Protein chains: 8
Amino acid sequence: MDEKFLKQLLREVKAGQLSESAAFSRLKGLPFADLGHTKVDHHRALRQGAAEVIFAPGKTPAQILAIVRELKKAGSGVLITRVSKEQARAVRKAFPRSHYNPAARTIRLGRSGKKSQSSPRVLILSGGTADQPVVEEARETLLWLGLDPEVIRDVGVAGIHRLLAHQEALDRARVIIVAAGMEGALASVVAGLVDKPVIGVPVAVGYGAGRGGWAALLGMLNSCAAGVTVVNIDNGFGAAFAAMRIIRAGD
Amino acid sequence: MDEKFLKQLLREVKAGQLSESAAFSRLKGLPFADLGHTKVDHHRALRQGAAEVIFAPGKTPAQILAIVRELKKAGSGVLITRVSKEQARAVRKAFPRSHYNPAARTIRLGRSGKKSQSSPRVLILSGGTADQPVVEEARETLLWLGLDPEVIRDVGVAGIHRLLAHQEALDRARVIIVAAGMEGALASVVAGLVDKPVIGVPVAVGYGAGRGGWAALLGMLNSCAAGVTVVNIDNGFGAAFAAMRIIRAGD
Amino acid sequence: MDEKFLKQLLREVKAGQLSESAAFSRLKGLPFADLGHTKVDHHRALRQGAAEVIFAPGKTPAQILAIVRELKKAGSGVLITRVSKEQARAVRKAFPRSHYNPAARTIRLGRSGKKSQSSPRVLILSGGTADQPVVEEARETLLWLGLDPEVIRDVGVAGIHRLLAHQEALDRARVIIVAAGMEGALASVVAGLVDKPVIGVPVAVGYGAGRGGWAALLGMLNSCAAGVTVVNIDNGFGAAFAAMRIIRAGD
Amino acid sequence: MDEKFLKQLLREVKAGQLSESAAFSRLKGLPFADLGHTKVDHHRALRQGAAEVIFAPGKTPAQILAIVRELKKAGSGVLITRVSKEQARAVRKAFPRSHYNPAARTIRLGRSGKKSQSSPRVLILSGGTADQPVVEEARETLLWLGLDPEVIRDVGVAGIHRLLAHQEALDRARVIIVAAGMEGALASVVAGLVDKPVIGVPVAVGYGAGRGGWAALLGMLNSCAAGVTVVNIDNGFGAAFAAMRIIRAGD
Amino acid sequence: MDEKFLKQLLREVKAGQLSESAAFSRLKGLPFADLGHTKVDHHRALRQGAAEVIFAPGKTPAQILAIVRELKKAGSGVLITRVSKEQARAVRKAFPRSHYNPAARTIRLGRSGKKSQSSPRVLILSGGTADQPVVEEARETLLWLGLDPEVIRDVGVAGIHRLLAHQEALDRARVIIVAAGMEGALASVVAGLVDKPVIGVPVAVGYGAGRGGWAALLGMLNSCAAGVTVVNIDNGFGAAFAAMRIIRAGD
Amino acid sequence: MDEKFLKQLLREVKAGQLSESAAFSRLKGLPFADLGHTKVDHHRALRQGAAEVIFAPGKTPAQILAIVRELKKAGSGVLITRVSKEQARAVRKAFPRSHYNPAARTIRLGRSGKKSQSSPRVLILSGGTADQPVVEEARETLLWLGLDPEVIRDVGVAGIHRLLAHQEALDRARVIIVAAGMEGALASVVAGLVDKPVIGVPVAVGYGAGRGGWAALLGMLNSCAAGVTVVNIDNGFGAAFAAMRIIRAGD
Amino acid sequence: MDEKFLKQLLREVKAGQLSESAAFSRLKGLPFADLGHTKVDHHRALRQGAAEVIFAPGKTPAQILAIVRELKKAGSGVLITRVSKEQARAVRKAFPRSHYNPAARTIRLGRSGKKSQSSPRVLILSGGTADQPVVEEARETLLWLGLDPEVIRDVGVAGIHRLLAHQEALDRARVIIVAAGMEGALASVVAGLVDKPVIGVPVAVGYGAGRGGWAALLGMLNSCAAGVTVVNIDNGFGAAFAAMRIIRAGD
Amino acid sequence: MDEKFLKQLLREVKAGQLSESAAFSRLKGLPFADLGHTKVDHHRALRQGAAEVIFAPGKTPAQILAIVRELKKAGSGVLITRVSKEQARAVRKAFPRSHYNPAARTIRLGRSGKKSQSSPRVLILSGGTADQPVVEEARETLLWLGLDPEVIRDVGVAGIHRLLAHQEALDRARVIIVAAGMEGALASVVAGLVDKPVIGVPVAVGYGAGRGGWAALLGMLNSCAAGVTVVNIDNGFGAAFAAMRIIRAGD
């Protein structure tokens, strides 16, 4: 669209239909001035590799539905995260074919525009059953992004043998997401076993000092295994998105 | 080596030279019991993709030299980080062909064992000149890991046009490391412009609230652009190592 | 009143109706002793540029109504902030012509006493839809203060082009309020584009590290663009009040 | 310069000297691609109202001198902040006419490009003698920006009468900067007395809880007087820059 | 009681009714071993100047009633703090003559055993209406302790004249309790005006940074007026108890 | 089982029934590859001294019941901690002979596999009635672990005589658990009186600064009595488990 | 002086030598406008009970000497706190009869203007020898204020009997200052034993979590003994000043 | 002694040599009043299992020597911790047979009074070479306490096989001390492998977020392996002392 506009303008200048100064003032602000709301969305898919995602908290069901419709009109797949039960009901009533995962608190409609050609594996490891919502959010996001995650649950470091038993899955993976609460040590142990990208997601489980995921966050940031990267506490979506960036970079 | 040992044992059992019970007790603890200090290092190179790195603080020059010699004996390249001037003098005297980068506070001898076949680009962006030591640490680590980083300095968000002018470098890169202090906003802006892995390194510059890199760390963890991952404050080495993991995953 | 009292006293001394020592003891504490509760309110309008504002949390509906009546009796306009639904119902029943904005959680009755002669523009920029309550609180406060704000929503730094497209609005403004959650980077980017006062309002959106607006607050305090000032987290009212102070200073 | 380039290009297209597609690809990235290092500086003066300022910590004397020379070549005035004694010696040796203020830790050469027509007053108030370096940094920055600050020291709230005695200075000012450590209450008290912009600078004096300026920072952010804005701890430069933005907005 | 027991024992030894060794073993552990639950309470009144106070949170109505009965049996007055509506209902049903103050969340039955002979004044100052529950808790505690507090509300530093108008009350007081939220500056200003004990109670009002009373707590601990002492956030009871200790010390 | 498998393999190699390379690949991953989910549980009892414990928060009643059944099938006793009323109802309906302690928020079925031969005493001391849930959790865990705790409540340091009166119980104990909120000083005082292991459990009672148990946690970590160890805030279960480890170590 | 001025003015008005309006404008700002630097100091002694105290950090020896001379000229005693060795040398050279206490880091010249008639006892208790500088600062301040402190060292709660042995000193005291680092429990224990004012001074000794005195500060704020008040970490001066306020209130 | 005194008193009462009231007043405070300074030290050895330990920071060499002499006179062994080089020089000059360990920063003279009969093993595990000072402090303290520690260094979780290779040492130990910095995960992994007491010592190594040992401290407090207890950051002494308490409890 920009291209068409630009070429038309140049043609008009060449043909003498547009004065030099008129063309000048139009050109000056061009790359920005002509961007409407819908265009931005397309740009995001082109720039960042996926359409906009709807973060549900604080939005009314009506607002969510309006954004979903706008994104669908533009041909984009839709992902809604941190959706409440009430919000989910409204979306599913309006879009019965949408996929709602209550554990993940997500709704998917279609997929993100740009789909990965090959099917590289993302492995999601989790320390305990309490990490479930974060694991599910990451899994749903990856499915929406056209990737096919493998999930291994309950391999926390209190029983290190459980993890070591899954060496083959570690070998198979191209990117590993580690969701862990408590002291978050699983990320260090995993990164000590493999030479692949390891993305840590601190999970806000438990109580007392470290409540809110801080112990796991600080633990992962200070991992004694080199090259662990970290996303925000409970941010399964962000970890999945980062995994997608890594997979795309390798294609 | 393990393999040779294992096969020899099996051969001896088959030949009746080793009793069942003797073989059993040797096998029970095998994968661990036979690991001496040098073997561990080889394992690390195999497992994590690079040999052990020497974190200099708290070590005497003599201790550092001993570790360097042990690693060199095993045929491994050596990287020393956070090296003081005094420590550097000792190492350079003993190993005159080592590469010392005072800005990075690193010394390199050779390269890490496993070298990347292709030469994919890692782009290091930095917000200001104060981020220099972190940028240099990341650059030296990447060179040691056999990767070829491109560095663009001083593209902080206070003058957003400076960053936008480097769109081509952003397009060229396969992984982008963003080192930024102050509010660390550069990581968000960059991740909003590309679909590649973006690794944020919060830098501890400045004063007052946020001193010690906390403002940048929290800012990057809360990036409004999806899929930014973060390493510890000032951890240029870790960011480079994570970039290596990503590049390897794509090879 | 004070003036009248003072002149009367001097007249009495001159006329010999008041002894020296009696006048002395009255004068000693004068500027304070004669201030009653109602006078204070008028003083505030004179001193700070606007009447007292009612911060609703912790007050019963009856208490709020009493204060509203007292302020109205004194001829003052009224602004109530952080009003709950229940409190709002009570006020609107008693004062049906009051203006209630549920998104802003404010109620306005009339305007603040002292009105700006000219109509200078305050521009409110916001990073995302979750900043809405803060944006609305700032907007309602500005309307009550006799100023006419322009609002541009959803120009977060994850899509920097969206902001750059509004250069004209940036040019038009005399003061810019930037409400942003997450990493709060919008304040830095905006302050890098203009030479006007930029007031940052960190917004408490999101989860994990930085929950409660701390990432945005620290980010704005450490802005790499010079001369950004900051108000408390979610304090849309304070930002608007500061903008009013700036506008008045220029009149 | 951009303008000349743009008009030349349009002329060439009109004259048929430049093909449509060649012109198109040049135009696409234009506003960014042509920005070299020096140009950025001019842009900053145009955009933000003052040339770049050199933050000295972490820079070698040689690096500082190089930047000073580059800025001077471009006709810009120079301000260096947080300069060490050693750095100051080097700059003063090379530029004997520069103004060094050891209390402020600043060096000035000339003034910032754009000078304020009128001479509006900025008043700097400080709570105690320990706030001196911050007060001086703000004062030097204001002088460099072409403004003429008035400074009143030692009017802390422990002796509230000392402040009240300066009512006239409060009345004279257009913007008030309040530098205060300890509990930082001076900003609240001042903002309760005037209807002008009040910029709080928390100062890191004292010991124990609140060491590092946190008590003052939190105090100013939670000021019970409406419309106080705050800059980072010890950031006298930032407060002065914000004052300049306010003065310019009113011109 | 202890005295009676001791004298009886000594009498029995003297009379030869108790053997030396039997007396010895009883005496050895005496001051501790013979202390039952009720006795402890009497000791507390003797040692600390007031009977035990019931902190209601986490106790069932039945548990509270049991403790009240036990204390009453021992002839002690009773104070219950942080009482919920449900707890209050139960107590008032059982003890209709008890005094319930819903704003203070306290219930009083009688007075603490040891009553102050004279009636020295404790002055409670508060910054705003939101400090009400803390002010009331302090007031009720003082009444229970046999002291007669004077309360002045809404003299926050945003309108410093309101405080200065109450110089006489400041002069009258022997101890001053200052309850203030936000930046807590009132304690500093008051302590700057008087030479009496000033006890600061930080109040957890407001939002954002400083929520939970931290800004006020740090502010009061860093008061620039010498000799302010501080109790825990919202601890009106503790401030009153400290005031009682001071009054008693002067009797 | 492992042993049987290993010996069988060696026998087959000896007998020529298994080729060298086939045996090699089986052996390589052996200690890990053969561990299924149920085996892990037995291993934990062997390794750590007690079967897995079910941390209830975040699990549905159905999930809890499934785990209980699996553990019972394996012959293991079951302990569920932090159980809600709703979860408790479900478990008690399915297992009417289970022991539910609502104050402790625990359910016990049988005992942990490995029972202590002798019956050494664990003494639980608590500072106040608000520590009850933590005390009860520790007590229930100890009962489940086959130990017999003694509990002394309400011996906080505000009335130090109450503690000193229990010298004999201190003498009797082999391990002492101290549960204390507020400033947590009880742990220091107790550790100053005895030469036994003292395990501090900070309790999250109270309000203001220190809310959430931080004052008690920091206090216990900084105990001036040597050799106090600490578990997480409110972690009665962890303290009991640590006591069991100590008792076992001495058997 | 003020009085003289006021009476003179009234006399002139009475005599017709001063017009009503001229007198009015002089009177309007009087209590503030006429306050010079020296007068403020006298006011402080009258208002707060002691002359200004010189906080040495950040002042040059010359600046300190100037202030000392000014205070002495006004007839005031002088107290300098946190004095460095270099500063002390300068002061002692100029004022050989000054009293320098290197442990306290204080210098005294004479006494504060207003001296206590009676000689009530302030008791300073300290937990360990590391609290010495704080204890000495409090002691020197009390001596300067005309009070006569008793000091008992090394009665920390790890050996509770050491404290209990000093019951008589506790009985003798009118105000008790407790300086304690580590967990700061001494304040709670002492306040549990007496009915007098207890002022806690958290001391920044030790290492690890709680470094900087935070454990002691939080511990004292959360004291389970009612009515402990607290000053800032290491603030021996503040505690002494608060004790003086209490003593004066009782006179 | 106390016993003798008591019996003598009773005898005198019986004999009528002492009046009832005189005996009463002596008895009232008895258990405390007769405790002199030296007795306290003996009491500590009896009560806590070891003589007082000298924490060197903040003490002059002369003060340290005085305490050493006093302890030796009482026949006690001496341990000095956190000793500086200068302090060490003074002690070694005065006591040439003392044992100085510069890595541990400790000096030993003899042993603690009460020596363990058997020789139970304490195992000290450490994550990396940077934990050396903490490991050495624990080792020296254990030697002084008459215990015989085994030390295994450099078994951090980044190479989990290194730890697993030491299963036998884990089996041998009766108490395990785990010193680990970074994320402190080693404590969790170890506690998952054994059923013995595991005492975690967080070590303050590294940089950035988690600097000062906080990541390790929070990680260990939130260990997913049950029953880990923790001492303060870098507190090798405390961990050793706690190990001694455990060993003694089992004897």
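Everything numeric in this text was worked out from a predicted model, so none of it was measured.

### Digging into the overall build of chain A
In step 1: From N to C terminus, chain A includes 12 helices and 9 strands.
In step 2: Taken across its 251 residues, chain A has 63% of its residues classed as buried.
In step 3: Total accessible area on chain A is roughly 9100 Å²; 52% of this is exposed by carbon and sulfur atoms.

### Comments concerning the relation of the copies chain H and chain F
In step 1: After a rotation of 180° and a shift along the axis of 0.2 Å, chain H superposes on chain F with an RMSD of 0.3 Å. Considering both components of the superposition, the chain copies are consistent with a two-fold axis. Taking C-alpha positions as reference, the residue of chain H nearest the rotation axis is Gly250(H), located at 1.8 Å.
In step 2: With an isologous cut-off of 70% or more, the 100% of interface residues of chain H that recur at the interface of chain F puts this contact in the isologous class.

### Some points on the domain arrangement of chain A
Residues and elements named next belong to chain A.
In step 1: If you check the domain split of chain A, you get domain 1 (30–109) and domain 2 (122–250).
In step 2: The interface of domain 1 with domain 2 comprises 19 residues on the first partner and 16 residues on the second.
In step 3: Summed over both partners, the interface of domain 1 with domain 2 buries about 1300 Å², with 57% contributed by carbon and sulfur atoms.
In step 4: Put simply, domain 1 and domain 2 have 2 salt bridges between them.

### Some thoughts on the relation of the copies chain A and chain B
In step 1: Mapping chain A onto chain B calls for a rotation angle of 180° and an axial translation of 0.1 Å; the resulting RMSD is 0.3 Å.
In step 2: When you check the interface residues of chain A against chain B, 100% turn up at the interface there too, and the contact is symmetric in its surfaces.

### Some remarks on the pattern of salt bridges
All names here are of chain D.
In step 1: Overall, the coordinates contain 48 salt bridges over all chains when judged by the stated rule.
In step 2: Notably, a salt bridge pairs glutamate 150 with arginine 172, separated by 2.6 Å at the nearest N-O pair. With glutamate 150 in strand β6 (residues 148–152) and arginine 172 in helix α9 (residues 167–172), this residue pair connects regions lying 22 residues apart in the sequence.
In step 3: Judged by its relative accessible area of 17%, glutamate 150 is buried.

### Details of the environment of Glu183(E)
Residues and elements named next belong to chain E.
In step 1: Counting through the fold element by element, glutamate 183 comes out in the loop between β7 (175–180) and α10 (186–193).
In step 2: Given the relative accessible area of 2%, glutamate 183 is considered buried.
In step 3: It is 34 Å that separates the C-alpha atoms of glutamate 183 and valine 78, two residues lying 105 residues apart in sequence.

### Section: the interface of chain H and chain F
In step 1: With 34 residues of chain H in contact, the opposing surface of chain F contributes 34 residues.
In step 2: Considering only the side of chain H, the residues that lose the most area to chain F are Asp195(H), Leu221(H) and Arg245(H), jointly responsible for 23% of the buried surface there.
In step 3: At the boundary of chain H and chain F, one finds 14 residue pairs in polar contact (both at pLDDT 80 or more).
In step 4: Looking at the side of chain H that touches chain F, the elements that each hand over two or more residues are α4 (37–48), α10 (186–193), β8 (198–202), α11 (214–221), β9 (228–230) and α12 (236–250) of chain H.
In step 5: Here the side of chain H that touches chain F takes 8 residues from α12(H), the largest share from any one element.
In step 6: Taken together, the residues of the side of chain H that touches chain F sort by class into 19 nonpolar, 9 polar and 6 charged.

### Some details on the sheet that holds strand β4 (residues 106–109) of chain F
Residues and elements named next belong to chain F.
In step 1: Read from one edge of the open sheet, 4 strands run β1-β2-β4-β3, paired in mixed fashion. If you trace the sheet from one side to the other, it starts and ends with β1 (54–55) and β3 (99–101), each paired once.
In step 2: Summarising the sheet, β3 and β4 pair through 3 bridges and their orientation is antiparallel. Along β4, the bridge assignment pairs tyrosine 100 with isoleucine 107.
In step 3: Taken strand by strand, helix α7 (residues 132–144) contacts β2 (78–81), β3 and β4, and its axis lies near 10° from that of β4.

Rules used throughout
Residues numbered from 1 in each chain as written. Chains lettered and ligands numbered in written order. Predicted model: local features only at pLDDT ≥ 70, side-chain atom pairs only at ≥ 80, totals over all residues. Heavy atoms only, no water. Helix = DSSP H or I, 4+ residues; strand = E, 2+ residues; numbered from the N terminus. Buried < 20%, exposed > 50% of the residue type's maximum accessible area, 1.4 Å probe, protein only. Areas by Shrake-Rupley, 256 points an atom, 1.4 Å probe, with all protein chains shown as cover. Least-squares fit on C-alpha atoms with pLDDT ≥ 70 in both. Contact = heavy atoms within 4.5 Å. Domains from an automatic or database assignment. Buried area = accessible area lost by both parts, 1.4 Å probe. Salt bridge = Lys/Arg side-chain N within 4 Å of Asp/Glu carboxyl O. Polar contact = N/O pair within 3.5 Å; in protein donor to acceptor, adjacent residues only side chain to side chain. Nonpolar A, V, L, I, M, F, W, Y, C, P; charged D, E, K, R; others polar. Pairing = 2+ DSSP bridges. Axes fitted to C-alpha atoms, helices over the stretch in contact; angles between N-to-C directions.

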